[in-house]
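# A structural walkthrough
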Amino acid sequence: MNPIPVRSWISLPLAGPVAILALQTVAAVYFLIDGVDDMIIGAHSGFGIGMAMECIVAIALLGGIVIVARHIRRISVELGRKDRALADARGALAEHISLRFGEWNLTPGEGEVALFALKGCDVAEIARIRGAAPGTVRSQLSQIYAKAGVSSQAMFVSLFIEDLLDLPSSSSASSPA
């Protein structure tokens, strides 16, 4: 049986608040036990200022526990929502890249080189990663750029950024409506 990964029940950004919550809980339990003990032992002496302070501290700690727990829950829900949105965006980007590569009829090798170019790798890095000669990579990049209708890596990357931003082109923005 596989253990539950820590990431599934607590995310790293929540580790600090959860640790504080645990510390507050321990302190509250201590003050409650101490208060009950003081009440049992000192029942004959009455309710003094010391006991009142312990009650106030215990109530404040319990209130803090409730507030922090609610805050952690809200942050956890928000992080989950953002993680899902990021996963959706990654999937949409991967799908869009695949669609564009298909439109340009890139070969599998060209697709691999094009993906490394999108990630910002230079010719030497792509050649090293793929175990190919730099001249071969340069040739593939030239073919990719020609199929995409651009002349450089920056222009190639900008095609995808423009698609993501979904901004109107300058010609349509300047024409009257």
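Summarised in this report is the structure supplied together with it. Each chain carries its own residue numbering, running from 1 in the direction its sequence is written. Totals for whole chains, interfaces and linings use all residues, but because this is a predicted model, local features are given only for residues with pLDDT of at least 70 and pairs of side-chain atoms are given and counted only at 80 or more. Only hydrogens and water are set aside; all other atoms, that is, all heavy atoms of the structure, feed into the side-chain values.

### Here's the deal with the overall build of the protein chain
- Secondary structure counts use DSSP, requiring at least four H or I residues in a row for a helix and at least two E residues in a row for a strand, with both numbered from the N terminus. Of the regular secondary structure elements, the protein chain holds eight helices and zero strands.
- Taken from the N to the C terminus, the helices and strands of the protein chain come in the order α-α-α-α-α-α-α-α.
- Throughout, exposure labels follow a simple rule: accessible area from a 1.4 Å probe, protein chains only, divided by the maximum for the residue type, with under 20% read as buried, over 50% as exposed, and the rest as partly exposed. Taking all 177 residues of the protein chain together, 25% fall into the buried category.
- In these tables, accessible area is a Shrake-Rupley quantity obtained with a 1.4 Å probe, and a residue counts as shielded only by the protein chains included in the view. About 12,300 Å² of surface is accessible on the protein chain, with carbon and sulfur atoms providing 66% of the total.

### Quick look at the packing of helix α2 (residues 15-41) against helix α3 (residues 49-103)
- The convention used is that axes are lines fitted to C-alpha atoms, helices contributing only their stretch in contact, and that angles between N-to-C directions extend from 0 to 180 degrees. In the contact formed by α2 and α3, the axes pass within 9 Å of each other and the chain directions differ by 155°. Considering the angle they form, α2 stands roughly antiparallel to α3. Every pair of crossing elements has a handedness; the one defined by α2 and α3 is left-handed.
- Tallied by class, the residues present in the contact of α2 with α3 amount to 17 nonpolar, four polar and three charged. Just so you know how the angles are binned, under 35 degrees is roughly parallel, over 145 roughly antiparallel, 65 to 115 roughly perpendicular, and the rest oblique. Each crossing gets its hand from how the near helix is turned against the far one by less than a right angle, where anticlockwise is left-handed and clockwise is right-handed. Amino acids are sorted into nonpolar (Ala, Val, Leu, Ile, Met, Phe, Trp, Tyr, Cys and Pro), charged (Asp, Glu, Lys and Arg) and polar (every other residue, Gly among them).

### Observations regarding a nonpolar patch on the surface
- Patch rule: a residue counts if its relative accessible area is over 30% and it has no salt bridge; like charges are joined within 9 Å, and nonpolar side chains (Val, Leu, Ile, Met, Phe, Trp, Tyr) within 5 Å. Put simply, a salt bridge is a Lys or Arg side-chain nitrogen that is within 4 Å of an Asp or Glu carboxyl oxygen. Judged by side-chain polarity, Val-36, Ile-40 and Ile-41 come together as a nonpolar surface patch covering roughly 320 Å² of accessible area.
- By the secondary structure assignment, Val-36 is in helix α2.
- With a relative accessible area of 46%, Val-36 lands in the partly exposed category.

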